[in-house]
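A look at the structure
Residues per chain, in single letters:
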Amino acid sequence: MRILGFNAYIHDTAAALIEDGRVVAFAEQERFDRIKHSTALPLEAIRFCLEQAGVEIEGIDAAAFYWDPWAGLGRRAWQTLCNLPRSTKLLGLHGHNWSAVRNVRHALRAALGYSGPFHHVNHYLSHAAANHYTSGLERSATLVVDGNGEIASALLGVVDRDGVRPLAWTLYPHSLGLVWCAVTEYLGYRQNQHEGKVMGLASYGAGALVEKFRRVVRADAAGRIRCDLSYFDYHKDRRNWFSPRFVAEFGPPRRPEEEITAQHIEVACALQTVTEEILLALTEQLVRRSGIRELTFGGGVALNCVANGRIAASGLVDALHVQPAASDAGAALGAALYVHMAAGGAPPPRLDHAYFGPEFSEDQVLVALRGRGIEPQRVDPAQACAADLAAGRIVGWFQGRMEVGPRALGNRSILADPRPAGMKDRLNARVKHREGFRPFAPAVPLERAAEFFETGGRPSPFMLLAVPVRPEFRAALPAITHVDGSARLQTVRREDNPLFHELLLAFGALSNVPVLLNTSFNVAGQPIVCTPTDAVECFLGTELDVLIAGPWRTAKPGC
Ligand SMILES: [Fe+2]
């Protein structure tokens, strides 16, 4: 049975195609339309999924959408109506989105001619399904935390082959994800895009505002998130996410171009610290109430690798699984998995890797290079790349099937030697143009990870766990060690990505350290490259030293 799952219209739209529960194709729309966090109906992503599966739209047995327009409709409308006339615009926005979501099956039919069974799956059940049915576990305690679904904003539950059993719901407007949106806006960044910057900034704080921030948002004894809504305006209108009270107590907001002050850093630190406390409290409750110590976690808040690292190392759980597209893109897959299980399907296998996107042949790469007048050399990619990296060059690395999820995991990556002191600044100045306070992430072969990082024996295949760098390597690996001594680790197994694993070992043979700085192959504000043409354009448009795409190597003059 072939099921197409997708999301649309809100953010991070994506499509996934599963066959008998096995993921065949899964990719975000942004990679195709080149609009970061694209909100479009993901037609190009859907067309890619069909092409990858070798079927026409008639070959799809069911379509699953990640949102149920009828769930919580009355409560949500009431919440917004209560804040009239101020919420007039919000009411208009909700009305527009609701209508689009309700009519999405017609939009799919009009665009692609699909007229088969169509399922609207509750957003939180989609997330919960993505959490669990990618874990390979028989059953798990599951936690979903994001901005909001139809009406929910957090869920504690248990998932097994019989479905999702909710234990506790948090309902909008109480929402940890929306608090993150509000503080991200307060700090001069864009909500739903730059929360990772806030997390990076938080590590520089001393905790001066933590006590005060505990009044803003907390977990209650019933396993729900409770906000003091007097600090926020997001439920009244979306012009101002935070209220005058927030400003009165935490200081003036930062405009996007302004300097970051100690006060801004302390607000970020307080949010991160309280978030970790809340997630640990919810985990503790969930484990106690379910009796299950295998945790699966999803929703946008699950992209917080620092919090994930704390949960994993807390002793509360024996295992933590976060699938690579933990945000709403993953709910597209989750909707499909939910329908698969509801139809009596067998439990899907564990999702071991994230390489479910498009792949291109050697000839296609060559055509893209020659199209820009580049005549590349054919090389052994792992050996050539290791030599370039050991010589201090920054390499664009384009191989195999594109990753799904926000992290590049070794197929659409910019790679560099993590040892030179100036590498982070050089990479930022020449290619990535990111804020200097943000760390870069390391990749390491799984079997070598414990030598350099305090992993506690836990793999981190999707770069979603922050772990301490061993103290003796912090000074030696400055480009990937954050100010607090942590790193957002990716562990690589040979069976999941043989070429990237080979590259890490080849670099280790030259440098004695099989660790590479691995950041996404894009420039700030653009999606990760998808096609060979995207890669060549990014290479030419930045000061990347070398491009190795498939077996083809090209270098800038003088490199
Ligand atoms: Fe979500």
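Details of the structure are given in the entry above.
Thresholds, definitions, all that
Residues numbered from 1 in each chain as written. Predicted model: local features only at pLDDT ≥ 70, side-chain atom pairs only at ≥ 80, totals over all residues. Heavy atoms only, no water. Donors = N, O, S within 2.8 Å, 3.2 Å for Na, K, Ca; no water. Tetrahedral: all angles 85-135°; square planar, octahedral: opposite > 155°, others 65-115°. Buried < 20%, exposed > 50% of the residue type's maximum accessible area, 1.4 Å probe, protein only. Phe/Tyr/Trp six-rings, centres within 6.5 Å; stacked < 30°, edge-to-face > 60°. Helix = DSSP H or I, 4+ residues; strand = E, 2+ residues; numbered from the N terminus. Axes fitted to C-alpha atoms, helices over the stretch in contact; angles between N-to-C directions. Parallel < 35°, antiparallel > 145°, perpendicular 65-115°, else oblique. Left-handed = near helix turned anticlockwise from the far one by under 90°. Contact = heavy atoms within 4.5 Å.

This part covers the coordination of the iron ion. Here the iron ion is held by His 123 (NE2), His 127 (NE2), Asp 146 (OD) and Asp 328 (OD), and the distances to it run 2.0 to 2.2 Å. Each of the four donor atoms bound to the iron ion contributes to angles spanning 91 to 156°, and the resulting shape is irregular. Residue Asp 328 is classed as buried on the basis of its relative accessible area, which comes to 4%.

With the rule as written, the count across this model stands at 20 aromatic pairs. Both rings, one in Tyr 186 and one in Phe 242, keep their centres 5.3 Å apart while their planes meet at 90°; by these two values the pair is edge-to-face. Taken together, the residues Tyr 186 in helix 7 (residues 176-186) and Phe 242 in the loop between strand 10 (225-227) and helix 10 (244-250) connect sequence positions 56 residues apart. Summarising the burial analysis for this pair, Tyr 186 and Phe 242 share the class buried.

The contact between helix 3 (residues 73-81) and helix 4 (residues 88-102) brings their axes to 9 Å, and the two run at 160°. Taken as axis vectors, helix 3 and helix 4 run roughly antiparallel relative to one another. Considering only the axes of helix 3 and helix 4, their crossing is left-handed. Packed against helix 3, whose contacting residues are Leu 73, Arg 76, Thr 80 and Leu 81, the element helix 4 presents Leu 90, Leu 91, His 94 and Trp 98 at the interface.

It is worth spelling out unusual backbone geometry at this point. Geometrically, the link from Tyr 172 to Pro 173 is a cis peptide bond, its omega value of 10° lying close to zero. The backbone of His 37 shows a phi angle near 60°, a positive value even though the residue is not glycine. Structurally, His 37 can be placed in the loop between helix 1 (30-33) and helix 2 (43-53). Positive phi outside glycine occurs at Asn 192, with the angle close to 70°. Residue placement: Asn 192 occurs in the loop between helix 7 and helix 8 (195-202). Taking relative accessible area as the criterion, Asn 192 reaches 31% and is therefore assigned partly exposed.

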